[in-house]
Amino acid sequence: MTSPLSSAARSDLLARGYSRRSFGRIATLLAAGATVKALTGSARADILPSGVNFEGVTRLGSNECWTGPFPEAAQAGASSVFQSNRYDPTGHMRDDLIKAASDVEGIPQTHVMTWCGSSDPLARAIVTFCSPTRGLVTADPSYEAGWVAAEWLKIPLARVPLTAKNGYKTDVRAMLAADPNAGVYYICSPNNPTGTLTPLRDIAWLVENKPKGSVVLVDEAYIHFSNAPSAVELVAKNKDVVVLRTFSKMFAMAGMRLGLTFARPDLHESMMRYDGRSATSMLPVPAMACGTMSLTMKSAIAARKAEMIAARDMTFQHLRKRGIHFIPSDANMFIIDWKKPAKPIQDAFLKQHVLIGRSWPIWPNASRITVGSMDEMKTFCTALDQIYT
């Protein structure tokens, strides 16, 4: 946050039902950006468990990529370090990133916005389109950052359970029924933690049937691991849709903090009215260089996806042989239902030097497992056989 809320921003917030007491919380949320979980004291314990020495640990807990950025892209980022005394060494690095995304996605450059990761625009969209009278609707389980923002801002929150009957995919009709006047309908597809897809036709149905003035916020952090069509198609048609992307997953840039949103220009302008454009323009130089090249590496993306799928299929085959229930996934993570409390099993894996993911309150007997390299997943299977009987 580089400046206090403007008078225009305050007037907008008051008109939409926020109180003056909420201004400080909104300013804090926007300033927190990628560390939004810290607002409620749940600061990324799943990623960095207290007291764990990661040396020699197989890390399958955070949905990070098992390897680094594509070598050519990493070299571009490394070379740019020597020019990082400038905010933008060439004067058009950010423009180059936007153009690359525009070309790859087939969408106008006017519909592309850059960010330091995707947590900031996720929280910002909730501030912008939700209010104390217009809530947030998500699946359950799903990525929780939106829940944190809603709780922090005292915004109504509706969570629609994923069910086996619906193939554990987001039920858009149930979402609309849960709050017919919501401000944001958040869909993570592929979903985190299940890896299940929400069909584009379902997202399109929700867009056409949602209330006026709301948006469908589609989080596509894992879309590159899938063959599914993107909701960017709806953005290109100028629908009330904001698509979130991050470079943290397929492009293996979690520690470099880079993200994109795709939306109509007026939606982006609304999201920026609270603190200007500094959050979208002041980006790490190495991240821009690495990200711009990564977007264009079509064959490398395909090869990395195939590598992940091979490791995931091997793991699924092992789980089937063991008779262990899991949810088939279209991403680099999946859910195992242990049929008993998950936390002791997570602890047992850690004793075997394998870090697996957490459970969600709605499914306390289930764990999220990140798909790593083939060797890492073989290590996981070996540990599983020693632990789970």
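What you see is a predicted model; the values in this text were computed from it and never measured. (Residues numbered from 1 in each chain as written. Predicted model: local features only at pLDDT ≥ 70, side-chain atom pairs only at ≥ 80, totals over all residues. Heavy atoms only, no water.)

**Thoughts on the overall build of the chain**
- The helix and strand tally for the chain stands at 15 helices and 12 strands.
- In terms of its C-alpha atoms, the chain occupies a principal-axis envelope of roughly 60 × 50 × 40 Å.
- Looking at the 389 residues of the chain, the share that counts as buried comes to 56%.
- About 16000 Å² of surface is accessible on the chain, with carbon and sulfur atoms providing 54% of the total.
- Here the chain contributes 43 positively and 33 negatively charged side chains, and the mean placements of these two sets differ by 5 Å. (Helix = DSSP H or I, 4+ residues; strand = E, 2+ residues; numbered from the N terminus. Buried < 20%, exposed > 50% of the residue type's maximum accessible area, 1.4 Å probe, protein only. Areas by Shrake-Rupley, 256 points an atom, 1.4 Å probe, with all protein chains shown as cover. Lys, Arg positive; Asp, Glu negative; His and termini not counted. Charge placed at Lys NZ, Arg CZ, Asp CG, Glu CD.)

**Considering the state of the cysteines**
- Under the defined criterion, the tally for this structure stands at 0 disulfides.
- We note that Cys290 lacks a disulfide partner, and the nearest cysteine sulfur, in Cys65, lies 12 Å from it. (Disulfide = S-S within 2.5 Å.)

**Some details on the layout of surface pockets**
- Its volume calculated, the second largest pocket comes out at about 420 Å³.
- The set of elements that each furnish at least two residues to the lining of the second largest pocket consists of helix H4 (93–105), helix H9 (232–236) and helix H13 (298–322).
- Per-element accounting of the lining of the second largest pocket gives the leading share, 4 residues, to H13.
- By residue class, the composition of the lining of the second largest pocket is 7 nonpolar, 4 polar and 5 charged. (1 Å grid on protein atoms, 1.4 Å probe; cavity = no way out; pocket = protein on both sides within 12 Å on 5 of 7 lines; lining within 4 Å. Points joined across faces, edges and corners; volume = space filled by probe spheres on them. Nonpolar A, V, L, I, M, F, W, Y, C, P; charged D, E, K, R; others polar.)

**Details of the sheet that holds strand E12 (residues 366–370)**
- With antiparallel pairing, 3 strands are arranged side by side in an open sheet as E9-E10-E12. Both edges of this open sheet fall to strand E9 (325–327) and E12, since each of them pairs with a single strand only. Each strand axis lies, on average, 30° off the axis of its neighbour in the sheet, ignoring direction.
- The sheet contact formed by strand E10 (residues 333–337) and E12 spans 5 bridges and is antiparallel. Residue pairing in the sheet places Ile335 in a bridge with Arg368 of E12. (Pairing = 2+ DSSP bridges. Axes fitted to C-alpha atoms, helices over the stretch in contact; angles between N-to-C directions.)

**What to know about empty space enclosed by the protein**
- Within the structure shown, the criterion is met by 1 cavity of 30 Å³ or more.
- For the largest cavity, the calculated volume is near 40 Å³.
- Around the largest cavity, the lining residues are His224, Arg245, Thr246, Phe247, Phe251, Leu260 and Leu295.
- Across the lining of the largest cavity, the residue classes break down as 4 nonpolar, 2 polar and 1 charged.

**Let's talk about the environment of Pro361**
- Mapped onto the fold, Pro361 is located in the loop between strand E11 (354–356) and E12.
- Judged by relative accessible area, which is 74%, Pro361 ranks as exposed.
- Sequence spacing of Pro361 and Asp140 is 221 residues, and the spatial spacing of their C-alpha atoms is 9.2 Å.

**As for the UniProt feature "domain: Aminotransferase class I/classII large" (unreviewed entry) in the chain**
- Residues annotated in UniProt with the feature "domain: Aminotransferase class I/classII large" (unreviewed entry) correspond here to residues 57–384.
- Strand forms 16% of residues 57–384 and helix 41%; the C-alpha atoms that close the span are 15 Å apart. (UniProt positions renumbered as here; feature names shortened; annotations may be inferred.)

**So, H4**
- Over its 13 residues, H4 runs 18 Å from end to end, which matches the ideal 18 Å to within 8%, given 1.5 Å per residue.
- Within H4, burial applies to Met93, Arg94, Leu97, Ile98, Ala100, Ala101 and Ser102.
- Where the residues of H4 are buried, they touch strand E2 (112–115), strand E8 (259–262), helix H11 (278–281) and helix H12 (285–295).
- Just past H4, the residue Gly106 takes up positive phi, approximately 65°. (Expected span 1.5 Å × (residues − 1). Contact = heavy atoms within 4.5 Å.)

**Here's the deal with the side chain of Ser294**
- The topology assignment puts Ser294 in helix H12.
- Taking relative accessible area as the criterion, Ser294 reaches 0% and is therefore assigned buried.
- The residues contacting Ser294, other than those within four sequence positions of it, are Phe70, Ala73, Phe251, Met253 and Ile301.

**Structural notes on the nonpolar core**
- Grouped together as the largest cluster of nonpolar side chains are 79 residues, with contacts concentrated most on Phe262, Phe334, Ile336, Trp338, Phe349 and Phe380.
- One finds Tyr18, Ala150, Val215 and Leu217 within the second-largest nonpolar core, a separate group that totals 38 residues. (Core = buried A, V, L, I, M, F, W, Y, C linked by side-chain atoms within 4.5 Å.)

**Brief notes about the packing of aromatic side chains**
- On inspection of all chains with the given rule, the structure shows 8 aromatic pairs.
- For the pair Phe70 and Phe251, a centre-to-centre distance of 6.3 Å together with 80° between the ring planes defines the contact as edge-to-face. Placement of the pair is Phe70 in the loop between strand E1 (58–60) and helix H3 (71–80) and Phe251 in the loop between strand E7 (241–246) and E8, with a sequence separation of 181 residues. Comparing Phe70 with Phe251, the two get one shared label, buried.
- Within the aromatic cluster, the residues linked to one another by ring pairs are Trp338, Phe349, Phe380 and Tyr388.
- Sitting over the face of the ring of Trp152, Arg25 holds its NZ or CZ atom 4.1 Å from the ring centroid.
- The ring centre of Trp205 lies 4.2 Å from the NZ or CZ of Arg173, which sits over that ring. (Phe/Tyr/Trp six-rings, centres within 6.5 Å; stacked < 30°, edge-to-face > 60°. Lys NZ or Arg CZ within 6 Å of the ring centre and 35° of its normal.)

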